[in-house]
Amino acid sequence: PMAMVAPFLLMGAVEDGLWMTSNTAVMAHTSDADRPLAVGAFAVALAPTAAYGPIGGALAQAFGYGVAFAAALAFAAAGCLMALTARAAGGRPSAA
């Protein structure tokens, strides 16, 4: 049980940092008039992420932990690949 404390603390820190920086980016790149709609759309777009835990649990229960972790690894690799190959609107690689 104690071996799980550090990963959960790190996961919480990362999620908090991502939430704060992404909200700041939304606020910085929208006008005052469009800000309520942008923040609402952003929150709605992130709402499905609340289902990741139950979906992973259902996968693990139905097929075992190996399948659940393999699916998580596949989605993480796909996300990393998309982030590394993303291009800015002007067609140049993004700064991130």
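Here the structure is shown first, and the text comes after it.
What counts, and at which threshold
- Throughout, residues of each chain are indexed from 1 in the direction in which the sequence is written.
- Only residues with pLDDT of at least 70 are given local features in this predicted model, and only at 80 or more are side-chain atom pairs given and counted; all residues enter the totals for whole chains, interfaces and linings.
- With hydrogens and water set aside, each side-chain value is computed from the structure's full complement of heavy atoms.
- A helix here means a DSSP run of H or I that spans at least four residues, while a strand means a run of E at least two residues long, and both kinds are numbered starting from the N terminus.
- Multiplying 1.5 Å by the residue count of a helix minus one yields the expected span of that helix.
- Any residue under 20% of the maximum accessible area for its type is buried, any over 50% is exposed, and the rest in between are partly exposed; the area is computed with a 1.4 Å probe on protein chains only.
- Should a side-chain nitrogen of Lys or Arg be within 4 Å of a carboxyl oxygen of Asp or Glu, the pair is scored as a salt bridge.
- Each patch is built from salt-bridge-free residues with over 30% relative accessible area, joining like charges within 9 Å and nonpolar side chains (Val, Leu, Ile, Met, Phe, Trp, Tyr) within 5 Å.
- To be clear on the numbers: accessible area is Shrake-Rupley with a 1.4 Å probe, and residue cover counts the displayed protein chains and nothing else.

### Side note on helix H3 (residues 52-63)
Logical step 1: With 12 residues, H3 should reach 16 Å at 1.5 Å per residue; the first-to-last C-alpha distance of 16 Å fits that figure.
Logical step 2: Taken across its 12 residues, H3 has one buried, putting it largely on the surface.
Logical step 3: Gly 64 sits one or two positions beyond H3 and adopts a positive phi of about 100°.

### Examining the pattern of salt bridges
Logical step 1: Enumeration over the complete set of coordinates arrives at one salt bridge.
Logical step 2: A salt bridge links Asp 32 to Arg 35, with the nearest nitrogen and oxygen atoms 2.9 Å apart.
Logical step 3: With relative accessibility at 63%, the residue Asp 32 sits in the exposed group.
Logical step 4: The class of Arg 35 is partly exposed, set by a relative accessible area of 23%.

### Points about a nonpolar patch on the surface
Logical step 1: Taken together, the side chains of Met 2, Val 5 and Leu 9 define a hydrophobic patch exposed on the protein surface, amounting to about 340 Å² of accessible area.
Logical step 2: With respect to the element layout, Met 2 can be found in the segment before helix H1 (5-28).
Logical step 3: By relative accessible area, which is 68% here, Met 2 ends up exposed.

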